[in-house]
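Notes for the structure review
The primary structure of each chain is shown beneath.
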Amino acid sequence: MDGNAHRDEFGAFLRARRTELSPAAAGLPGTGNRRRVKGLRREEVALLASISTDYYTRLEQGRRQASQPVLESLARIFQLDDDERQYMFELAGKEGIRQPRRRVTQKVHPQLQRVLDELVTVPAAILNRRMDVLAWNPMAAALMTDFARIPEKQRNYVRLVFTDPAVRALYPEWETVAHTCVAQLRMEAARDPQDPRLTALVGELSVQDEDFRRWWGAHHVAVRGMGTKVFRHPVAGDLTLDWDTLTCAANPDQQLVTWTAEPGSPSHDGLRFLASWAASEAESSSGTGR
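Source: prediction; values computed, not measured. Position numbers for residues count from 1 along each chain, tracking the sequence in the order it is written. Only residues with pLDDT of at least 70 are given local features in this predicted model, and only at 80 or more are side-chain atom pairs given and counted; all residues enter the totals for whole chains, interfaces and linings. The side-chain figures draw on all heavy atoms in the structure; neither hydrogens nor water molecules are used.

Regarding the nonpolar core
The line we're drawing: Note on terminology: a nonpolar core comprises buried Ala, Val, Leu, Ile, Met, Phe, Trp, Tyr and Cys residues joined through side-chain atoms within 4.5 Å. Relative accessibility thresholds used throughout: buried, under 20% of the residue-type maximum; exposed, over 50%; partly exposed, between the two (1.4 Å probe, protein chains only). Runs of E in the DSSP output that reach at least two residues are strands. Runs of H or I that reach at least four are helices, and both are numbered from the N terminus. Whether two residues are in contact is decided by their heavy atoms, any of which lying within 4.5 Å being enough.
Among the nonpolar cores identified, the biggest contains 45 residues, and Tyr157, Phe162 and Tyr171 are the most heavily contacted of them. Ranked by residues supplied to this core, first place goes to helix H10 (residues 174–191) with seven residues. In contact with Phe162, other than residues within four places in its own chain, are Arg168, Trp174, Ala178, Val182, Leu205, Asp209, Asp211, Phe212 and Trp215. Listed in part, the 27 residues of the second largest apolar core include Ala26, Leu59, Leu71 and Phe89.

Structure, rendered in structure tokens:
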């Protein structure tokens with residue numbers, strides 16, 4: 001098969017996979033309208049892959065060669081098995097590229113977990129560089145949300161800020177908080193552009209939220225270090241909390257994030273009230289056998 005034939009077959013393979021994949025299977029929200037095309041639209045694939053619609057259209061038309069990162073994204077979006085993935089790479093002239101080693105689920109470093117367990121009155125959580133929530137204490141759950149109710153693969157702070165109405169309502173300055181989240185995520189994307197879960201997260205949020213898509217395209221970056229956030233909590237009222245990050249020396253991909261208040265301030269009193277309320281709720285749940 002010559003080069004042109006390869007490109008034609010590559011484009012036909014993409015079209016076939018695109019038409020076979022439903023929007024629901026790709027994780028896209030339903031519109032409630034009858035769709036004119038079967039499967040995904042080209043612009044939807046492009047959004048999920050974080051590329052332009054023109055770029056993707058040229059791939060299907062055999063007028064452009066795909067780079068390795070784009071091929072990896074397409075393999076993820078179309079949910080290809082190993083044989084399909086290898087076939088696509090061969091058509092793209094990348095047959096020498098091996099499938100990357102599957103990334104194992106991160107386990108919280110034991111010493112970092114011990115520090116987290118000792119923080120009884122301070123909200124704290126352990127995040128990785130993608131801002132997946134790996135572990136949390138009861139105070140963090142009381143402050144933000146019951147992380148245990150969220151499926152592990154969706155337990156990501158940025159996703160919650162953009163898609164969970166209850167979490168979004170916590171921040172009276174939501175736009176500032178959300179914009180900072182995108183800038184921090186953009187920084188991590190530069191450090192590990194091959195991370196498939198990060199690519200999937202960006203694709204998902206780009207499709208679901210116009211603000212995310214616009215801010216991601218602006219390429220602003222920020223380091224996750226320390227700052228101040230204002231919370232409008234349904235139980236504890238308005239809280240102004242300082243957040244700090246402690247990077248694990250043994251595993252720099254994991255960070256302990258804490259939220260504290262100036263001693264003697266109304267926010268400090270609010271945290272103490274929240275701790276009492278959370279303990280009461282836990283005792284009540286335990287007493288009723290739930």
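Here's the deal with the pattern of salt bridges
What counts here: A side-chain nitrogen of Lys or Arg and a carboxyl oxygen of Asp or Glu constitute a salt bridge if their distance falls within 4 Å.
All told, the structure shown has 15 salt bridges when counted by the stated rule. Measuring nitrogen to oxygen at the nearest pair gives 3.0 Å for the salt bridge that ties Arg42 to Glu60. Of this pair, Arg42 sits in helix H2 (residues 42–49) while Glu60 is found in helix H3 (residues 53–60), placing the two residues 18 residues apart along the sequence. Residue Arg42 is classed as partly exposed on the basis of its relative accessible area, which comes to 27%. Residue Glu60 is classed as buried on the basis of its relative accessible area of 2%. The closest approach of N and O atoms between Arg214 and Asp211, which form a salt bridge, is 2.6 Å. On the criterion of helical spacing, the pair formed by Arg214 and Asp211 is a turn pair, its members being three residues apart in helix H12 (residues 210–218). Among the residues examined, Arg214 registers a relative accessible area of 48% and is labelled partly exposed. A relative accessible area of 23% means that Asp211 is categorised as partly exposed. Linked by salt bridges that have partners in common, Arg18, Arg42 and Glu60 make up one network.

Considerations on the sheet that holds strand E2 (residues 133–136)
Cut-off, in case you're wondering: By this definition, two strands are paired if DSSP reports at least two bridges between them. Angles run from 0 to 180 degrees between N-to-C directions of axes, and those axes are lines fitted to C-alpha atoms, restricted for helices to the stretch in contact.
Pairing is antiparallel across the open sheet formed by five strands, whose spatial order is E2-E1-E5-E4-E3. Every interior strand has two partners, whereas the edge strands, E2 and strand E3 (226–233), have only one. Between one strand and the next, the sheet's axes are offset by a mean angle of 30°, whatever the strand orientation. In this sheet, strand E5 (residues 254–260) lies alongside strand E4 (residues 237–247) in antiparallel orientation, the contact comprising six bridges. Within E5, the position partnered with Asp242 by the bridge is Thr260. Packed on one face of the sheet, helix H6 (residues 110–118) meets strand E1 (124–128), E2 and E5 and runs near 155° to E1.

Structural notes on the side chain of Arg186
For the record, the criterion: Charged residues are defined narrowly, with Lys and Arg counted positive, Asp and Glu counted negative, and His plus the chain ends left uncounted. Any pair of nitrogen or oxygen atoms within 3.5 Å is treated as a polar contact; in protein, a donor-acceptor pairing is required on top of that, and neighbouring residues in sequence qualify only through side-chain atoms on both sides.
In this fold, Arg186 is placed in helix H10. Buried charged residue Arg186 carries no salt bridge. Nearest counter-charge: Glu188, at 12 Å. Within the structure, the side chain of Arg186 is placed 2.7 Å from the backbone oxygen of Trp216, a separation counted as a polar contact. Residue contacts for Arg186: discarding those within four places in its chain leaves Trp216, His219, His220 and Val221.

With respect to unusual backbone geometry
At Ser50, a residue that is not glycine, the phi angle is positive and equals roughly 60°. Here Ser50 is to be found in the loop between H2 and H3. What makes Ser50 partly exposed here is its relative accessible area of 40%. A positive phi angle, near 60°, is found at His219, a position not held by glycine. Relative to the helices and strands, His219 resides in the loop between H12 and E3. We classify His219 as exposed; its relative accessible area is 52%.

Here's the deal with the pairing of E2
Bridge count between E1 and E2: three bridges; the pairing is antiparallel. Its bridge partner being in E2, Ala125 is matched across the sheet by Trp136. The antiparallel hairpin formed by E1 and E2 contains four residues in its connecting segment, where Met131 sits at a positive phi of about 70°.

Remarks on the layout of surface pockets
The condition is simple: Only protein atoms enter the calculation, which uses a 1 Å grid: trapped sets of points that fit a 1.4 Å probe without letting it out are cavities, open sets showing protein on both sides within 12 Å along at least five of seven lines are pockets, and any residue with an atom within 4 Å of a point is a lining residue. Grid points are joined across faces, edges and corners, and a volume is the space filled by probe spheres set on the points. Amino acid classes used here: Ala, Val, Leu, Ile, Met, Phe, Trp, Tyr, Cys and Pro are nonpolar; Asp, Glu, Lys and Arg are charged; the rest, including Gly, are polar.
Taken as a whole, the second largest pocket spans an internal volume of roughly 320 Å³. Residue lining of the second largest pocket: 13 residues in total, with Pro138, Ala141, Ala142, Asp146 and Glu281 positioned closest to the centre. Taken together, the elements giving at least two residues each to the lining of the second largest pocket come down to helix H7 (138–143) and helix H13 (266–287). The element contributing the most residues to the lining of the second largest pocket is H13, with five residues. The class makeup of the residues in the lining of the second largest pocket is eight nonpolar, two polar and three charged.

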